[in-house]
Amino acid sequence: MTQYLDHTGVARKLLDQQGDINRLTEERDGAYRERAQLLALLASLQPSVIAPAPDVDEDGWQILYLWIGGKQASWHIAPRDAELYAHVEHVPADDRRAQWDGHTTEQKYDHIGQHAARLYAEARGRAGTPANEQYRFATTWSEYHAGRRAAVDEPKEQ
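Below you will find a few notes about this structure. No experiment lies behind these values; they were computed from the predicted model shown. (Residues numbered from 1 in each chain as written. Predicted model: local features only at pLDDT ≥ 70, side-chain atom pairs only at ≥ 80, totals over all residues. Heavy atoms only, no water.)

**Things to note about a negative patch on the surface**
A contiguous patch of negative charge, built from Asp 55, Asp 57, Glu 58 and Asp 59, is present on the exposed surface. Looking at where Asp 59 falls in the secondary structure, it is placed in the loop between strand 1 (48–52) and strand 2 (62–68). (Patch = residues over 30% accessible without salt bridge, like charges linked within 9 Å, V, L, I, M, F, W, Y side chains within 5 Å. Areas by Shrake-Rupley, 256 points an atom, 1.4 Å probe, with all protein chains shown as cover. Salt bridge = Lys/Arg side-chain N within 4 Å of Asp/Glu carboxyl O. Lys, Arg positive; Asp, Glu negative; His and termini not counted. Charge placed at Lys NZ, Arg CZ, Asp CG, Glu CD. Helix = DSSP H or I, 4+ residues; strand = E, 2+ residues; numbered from the N terminus.)

Structural data, given as structure tokens:
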């Protein structure tokens, strides 16, 4: 007796699997978009440049280079997120600021964690500072980091 393939059942299963793939793809892309938005914010707060990604064959991919606490951190940026980085200086791939320093992903996130802990400890030390001064401190970190601490650290006369 010859068995026949249930084409309808197979088609239904394939459609279900395609639906799962589409849902998972949307979830992944949503997570990458959120990451891209946070990186765009960081790029506005830290020295940064963005350059074409020479290691990706698809057109439009870029690499964002940030300097966080004096160390490089970099991420690939998908073409669909490029508009989020209009405020970042665009440089050619051979620009000296767009040269990967060899850091691993683990090293990058270890450094970010250490830097965040330092910032938190410094902010905790300023717990008695009025909220508007804490905001001023947060918005002048690049000046603070560059050694112009006096303007931020000196208490205001009342």
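Let's pick the thread back up.
**Remarks on the nonpolar core**
Among the nonpolar cores identified, the biggest contains 14 residues, and Leu 39, Leu 64, Leu 66, Trp 75, Ile 77 and Tyr 85 are the most heavily contacted of them. With four residues, the single largest contributor to this core is helix 1 (residues 7–45). When near neighbours in sequence (up to four residues on either side) are disregarded, Leu 64 contacts Leu 39, Ala 43, Ser 48, Val 49, Ile 50, Ala 73, Ser 74, Trp 75, Ile 77, Tyr 85 and Val 88. Ala 51, Ala 53, Val 91 and Ala 98 belong to the second largest nonpolar core, which has seven residues in total. (Core = buried A, V, L, I, M, F, W, Y, C linked by side-chain atoms within 4.5 Å. Buried < 20%, exposed > 50% of the residue type's maximum accessible area, 1.4 Å probe, protein only. Contact = heavy atoms within 4.5 Å.)

**A short note on the pairing of strand 2**
Of all seven residues that make up strand 2, six are buried, and the element is covered over most of its length. Here strand 2 pairs with strand 3 (residues 71–77) via seven bridges, running antiparallel. Looking across to strand 3, one finds that Tyr 65 is bridged to Ser 74. Between strand 2 and the antiparallel strand that follows it, strand 3, lie two residues; Gly 69 among them carries a positive phi value of about 60 degrees. (Pairing = 2+ DSSP bridges.)

**Remarks on the sheet that holds strand 2**
Within the open sheet, the four strands sit side by side as 3-2-1-4. Their pairing is mixed. Looking at strand neighbours, the two that pair on one side only are strand 3 and strand 4 (89–90), the edges of this open sheet. With five bridges joining them, strand 1 and strand 2 adopt antiparallel strand pairing. Bridging from a neighbouring strand, Ile 50 pairs with Leu 64 of strand 2. Its contacts with the sheet place helix 2 (residues 105–125) against strand 2 and strand 3, and it is angled at close to 120 degrees to strand 3. (Axes fitted to C-alpha atoms, helices over the stretch in contact; angles between N-to-C directions.)

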